[in-house]
Amino acid sequence: MTGGVLALAGGVGGAKLALGLSKVLPADELTIVVNTGDDATFHGLHVSPDLDTVMYALAGLSNNETGWGVAGDTFNSLGQLERYGNPAWFNLGDKDLATHIRRTELLRNGSTLSEATGSLCASLDIAIRIVPMTDDPVHTMVETTEGELPFQTYFVREQCRPVTLAIRYDGAERARPSPGFLDSLETASHLIICPSNPFLSVDPILAVPGVRQRLEKFAGRRLAVSPIVGGEAVRGPAGKLMRELGHEVSCVGVARYYQGLCDIFIIDEVDEGCASEIEALGMKVHAAPTIMQNDDDKERLARLACHLLGVPLAS
Ligand code: FO1
């Protein structure tokens, strides 16, 4: 028994390692804290894409081709909504819509986002604690050469095409960490930063007041996995964004960003040559295969992360 593992996740890469961790750790030893800066309202419904991506992964419902949404979903409701004149560029499937209807109903009836998430997870038989970074509204806004865009507009409707000038997290300054996050910050003995986009998925979590300072002073060991492999993002716009924001697109660039938050950094085996540069930043480096194509890959990387941290695994 340890104080448990606190994992920070967002997006598809984060959900993959979160699934691996859920397979190798006892359920009461893992809390997954998820980015909510990507949350948006579509058709009057509260959509929490990163929470759902993690939730569907742990429930075995994930669409493995896209990484988001529900496997085998249909899009009849979206087609009908489009006929009524609603924008349909954000692909919400029929089963996925049920999640957003239920979440919105719970929120309207007074539940917090943490409570709504707990209720959805219980219905999907997920024993692991999945919590939003905050119950307060935070919206990632992308300042581009074409004006400031809400995250999903930039990411999905515009396909990350406009040049990014800056990112801000609207509402973050007034947000408080969710109760589950606060509890884990106080009790966890190990921290894992999943291979999520540092700017779009991890930074909004760090922007919640007090979080960065607590993680800088975190008593236990801290490990991060690079989402950049061979100078490119494993998926998504991390590489393009990093370049546009003036960061070096490499695992070294990510390590620099996590300096002071991370003691052990896992880089992909193809980046082994970068190890000494990262070690000079004060981190121990471990090179290993990090591309997670199937469940075995996810479990293997999770085992490695726990082994490097000295976390006992579920027997
Ligand atoms: N990402 C896309 O690229 N296109 C989509 O149409 C899309 C729909 C979607 C629906 C539900 C959901 O939970 C996620 C969805 N995503 C889609 C992913 C979403 O944009 C995430 O915020 C990103 O993966 C970043 O983490």
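Overview of the structure. Every value quoted in this text rests on a predicted model; they were computed, and no experiment measured them.

What counts and how
Residues numbered from 1 in each chain as written. Predicted model: local features only at pLDDT ≥ 70, side-chain atom pairs only at ≥ 80, totals over all residues. Heavy atoms only, no water. Near = heavy atom within 4 Å. Polar contact = N/O pair within 3.5 Å; in protein donor to acceptor, adjacent residues only side chain to side chain. Areas by Shrake-Rupley, 256 points an atom, 1.4 Å probe, with all protein chains shown as cover. Helix = DSSP H or I, 4+ residues; strand = E, 2+ residues; numbered from the N terminus. Nonpolar A, V, L, I, M, F, W, Y, C, P; charged D, E, K, R; others polar. Pairing = 2+ DSSP bridges. Axes fitted to C-alpha atoms, helices over the stretch in contact; angles between N-to-C directions. Core = buried A, V, L, I, M, F, W, Y, C linked by side-chain atoms within 4.5 Å. Buried < 20%, exposed > 50% of the residue type's maximum accessible area, 1.4 Å probe, protein only. Contact = heavy atoms within 4.5 Å. Salt bridge = Lys/Arg side-chain N within 4 Å of Asp/Glu carboxyl O. Arc of directions from axis to C-beta.

Quick notes on the site of the ligand
Piece 1. If you check the shell around the ligand, you find 14 residues, and the closest are Asp38, Asp50, Asn91, Asp96 and Gln152.
Piece 2. Contacts to the ligand include Asp38, whose side-chain N or O atom sits 3.1 Å from an oxygen atom.
Piece 3. Asp50 places a side-chain nitrogen or oxygen 2.8 Å from an oxygen atom of the ligand.
Piece 4. Protein burial of the ligand: of its 530 Å² of free accessible surface, 91% is covered by the chains.
Piece 5. Mapped onto the shell around the ligand, the elements with two or more residues apiece are helix H2 (49–59) and helix H6 (151–157).
Piece 6. Counting residues per element, the shell around the ligand draws most heavily on H6, at four residues.
Piece 7. Tallied by class, residues from the shell around the ligand come to eight nonpolar, three polar and three charged.

Observations regarding the sheet that holds strand S6 (residues 139–144)
Piece 1. Strand order in the open sheet made by the three strands is S7-S6-S8, with antiparallel pairing throughout. What marks the edges here is a single partner per strand, and that holds for strand S7 (147–150) and strand S8 (164–170). Averaged over all pairs of adjacent strands, the angle between their axes in this sheet comes to 25 degrees, without regard to strand direction.
Piece 2. Sheet analysis places S6 next to S8, joined by six bridges and oriented antiparallel. Its bridge partner being in S8, Thr140 is matched across the sheet by Tyr169.

Some words on the nonpolar core
Piece 1. Counting 51 residues, the largest nonpolar core has Leu6, Leu8, Phe181, Leu215, Tyr258, Phe265 and Ile278 as the members making the most contacts within it.
Piece 2. Not counting the four nearest positions on each side in its chain, Phe181 is found in contact with Leu6, Leu8, Val33, Val131, Met133, Ile205 and Val211.

Some thoughts on the pattern of salt bridges
Two side chains of opposite charge can pair, provided their charged atoms sit close to one another.
Piece 1. The tally for this structure, following the rule as stated, stands at 20 salt bridges.
Piece 2. Between Glu173 and Arg174 there is a salt bridge, with its nearest N and O atoms 2.9 Å apart.
Piece 3. Relative accessible area serves as the criterion here: at 59%, Arg174 is assigned to the exposed category.
Piece 4. The salt bridge involving Arg300 is made with Asp297; its shortest N-O contact spans 3.2 Å. Of the two residues, Arg300 and Asp297 both sit in helix H13 (residues 295–309), three residues apart, roughly one turn of that helix.
Piece 5. Via salt bridges that share partners, Glu146, Arg157, Glu158 and Arg161 belong to a single interconnected network.

Some words on helix H5 (residues 113–123)
Piece 1. Among all positions in H5, only Leu113, Ser114, Ala116, Thr117, Leu120 and Cys121 are buried. Projected down its long axis, H5 carries its buried residues within an arc of 165 degrees, all on one side. Turned more than 90 degrees away from the buried face of H5, the exposed residues are Ala122 and Ser123.
Piece 2. On its buried face, H5 sits against strand S4 (45–47), H2, helix H4 (94–108), strand S5 (129–132) and helix H7 (179–187).
Piece 3. Asp125 lies just past H5 and shows a positive phi near 60 degrees.

Things to note about the sheet that holds strand S13 (residues 264–268)
Piece 1. Taken in spatial order, the seven strands of this open sheet run S5-S2-S1-S9-S10-S13-S14, and their pairing is parallel. Both edges of this open sheet fall to S5 and strand S14 (284–288), since each of them pairs with a single strand only. Each adjacent strand pair in this sheet contributes to an overall mean axis angle of 20 degrees, direction not counted.
Piece 2. Relative to S14, S13 runs parallel, the two sharing five bridges. In the strand pairing of S14, Asp268 is matched with Ala288.
Piece 3. In this fold H2 packs onto strand S2 (30–34) and S5, with an angle of close to 170 degrees to the strand it touches most, S5.

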